[in-house]
Amino acid sequence: PSCAIRKNFVTYSSAEFKCGPSSNMIIGPNGTGKSSLVCAIALGLGWPPSVLGRAKEVGEFVKNGHREAEIEVELKSGPRSRSNPRIKRVITREGNKSAWFINDSSTTLKEVKKVMKSFNIQIDNLCQFLPQDKVVEFAAMTPVQLLESTQKAAADEQVSEWHEKLKTLGAEKKRV
């Protein structure tokens, strides 16, 4: 899997980042583009700027002096996918518009979100994806919120459903 900034994203003219097979951490000195990479991944996978806590409009991520930016994120195939899907987002500064592609075929954001769901990618889940600007929000989570978010991030949907059913059964038992 990889993330490629094909052109003109924030401070990058172009860049490519190869990810490892499991958890990945991005570390380095201030001002080296760590947050820009995180933004590229989130935006490239179809999430709005609001999940990052940074700019309000996607067009703000286009490098100054340029009309558009292009991001491509390749996902590693897994049990639900036989090939490595490549999601590409072309962002146009004027009008804050985006064009979407899966494996070089034009598509919609709705289809990109289906792919994200099939891979259980939850950019809005702080236990799965934690941008720097959301650390305070993560630290304020209660133990129950952390458990629920971790379940959603790491387990099948059925585990969360079972947990909810157990909570309901426990509440019913207390009333009896």
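Before reading on, note that the structure itself is shown above.
**Student:** Mind showing me how you'd approach the pattern of salt bridges here?
**Tutor:** Where charged atoms from two side chains of opposite charge approach closely, those side chains can pair. By the definition in use, this model includes ten salt bridges. Where glutamate 111 meets lysine 114, a salt bridge forms, and the shortest distance between an N and an O atom there is 3.2 Å. One end of the pair is glutamate 111 and the other is lysine 114, both in helix α2 (residues 109-118) and three residues apart, which spans about a single turn. For glutamate 111, a relative accessible area of 31% corresponds to the partly exposed category. A single network of salt bridges, built from pairs that share partners, joins Arg6, Glu72, Arg86 and Asp104.

**Student:** Is there a simple way to think about the side chain of glutamate 72 in this case?
**Tutor:** Counting through the fold element by element, glutamate 72 comes out in strand β3 (residues 68-74). At 3.1 Å, the side chain of glutamate 72 and the side chain of arginine 6 are in polar contact. If near-sequence neighbours (up to four positions away) are discounted, glutamate 72 is found in contact with Ser2, Cys3, Ala4, Arg6, Arg86, Ile87 and Lys88.

**Student:** Even after reading the chapter, I still don't get the packing of aromatic side chains, so can you show me in this structure?
**Tutor:** For any pair of aromatic rings, the description consists of the separation of the ring centres together with the inter-plane angle of the planes. If you walk through the whole model with that rule in mind, you get two aromatic pairs. Taking 5.8 Å as the distance between ring centres and 80° as the angle between the ring planes, the aromatic pair formed by tyrosine 12 and phenylalanine 17 counts as edge-to-face. A relative accessible area of 15% means that tyrosine 12 is categorised as buried. Assessed through its relative accessible area of 23%, phenylalanine 17 is described here as partly exposed. Lying across the ring of phenylalanine 101, lysine 88 places its NZ or CZ 4.9 Å from the centre.

**Student:** Would you explain empty space enclosed by the protein in this entry?
**Tutor:** To locate leftover empty space, one rolls a probe as large as a water molecule over the atoms. For the structure shown, the criterion picks out one cavity of 30 Å³ or more. Residue classes in the lining of the largest cavity are distributed as four nonpolar, two polar and two charged.

**Student:** Looking at this model, I keep getting lost on the pairing of strand β4 (residues 86-92). Mind explaining?
**Tutor:** Looking along a regular strand, one sees the side chains alternate between the two faces of the sheet. Extensive coverage of β4 is indicated by the burial of six of its seven residues. With seven bridges joining them, β3 and β4 adopt antiparallel strand pairing. Paired with glutamate 74 across the bridge in β4 is arginine 86. For β4 and strand β5 (residues 97-102), the ladder comprises six bridges, and the chain directions are antiparallel. Of the residues in β5, the one forming a bridge with isoleucine 87 is isoleucine 102. In textbook terms, the turn of a hairpin is the stretch between consecutive antiparallel strands, and for β4 and β5 this stretch comprises four residues, one of which, glycine 95, has a positive phi near 85°.

**Student:** Is there a simple way to explain the sheet that holds strand β2 (residues 15-18) in this structure?
**Tutor:** With antiparallel pairing, six strands are arranged side by side in an open sheet as β2-β1-β3-β4-β5-β6. Strand pairing shows two members of the sheet lacking a second neighbour, β2 and β6 (105-107), which therefore form its edges. Geometrically, the sheet is characterised by an average inter-axis angle of 20° between neighbouring strands, direction not taken into account. Two strands pair when backbone bridges link them, and β5 and β6 are joined in this way by three bridges, in the antiparallel orientation. Bridged to phenylalanine 101 within β6 is serine 106. This element, helix α1 (residues 34-44), spans β1 (2-7), β2, β3, β4 and β5 of the sheet and lies at about 80° to β3.

**Student:** Honestly, the environment of arginine 54 in this entry has me stumped. Any pointers?
**Tutor:** Looking at where arginine 54 falls in the secondary structure, it is placed in the loop between α1 and β3. In this structure arginine 54 comes out as partly exposed when scored by relative accessible area, which is 39%. Counting along the chain gives eleven residues from arginine 54 to leucine 43, while the straight-line C-alpha distance between them is 12 Å. Look past the residues within four positions of arginine 54 in its chain and what remains in contact with it is Ser35, Cys39, Pro49, Phe61 and Asp133.

What counts and how
Residues numbered from 1 in each chain as written. Predicted model: local features only at pLDDT ≥ 70, side-chain atom pairs only at ≥ 80, totals over all residues. Heavy atoms only, no water. Salt bridge = Lys/Arg side-chain N within 4 Å of Asp/Glu carboxyl O. Helix = DSSP H or I, 4+ residues; strand = E, 2+ residues; numbered from the N terminus. Buried < 20%, exposed > 50% of the residue type's maximum accessible area, 1.4 Å probe, protein only. Polar contact = N/O pair within 3.5 Å; in protein donor to acceptor, adjacent residues only side chain to side chain. Contact = heavy atoms within 4.5 Å. Phe/Tyr/Trp six-rings, centres within 6.5 Å; stacked < 30°, edge-to-face > 60°. Lys NZ or Arg CZ within 6 Å of the ring centre and 35° of its normal. 1 Å grid on protein atoms, 1.4 Å probe; cavity = no way out; pocket = protein on both sides within 12 Å on 5 of 7 lines; lining within 4 Å. Points joined across faces, edges and corners; volume = space filled by probe spheres on them. Nonpolar A, V, L, I, M, F, W, Y, C, P; charged D, E, K, R; others polar. Pairing = 2+ DSSP bridges. Axes fitted to C-alpha atoms, helices over the stretch in contact; angles between N-to-C directions.

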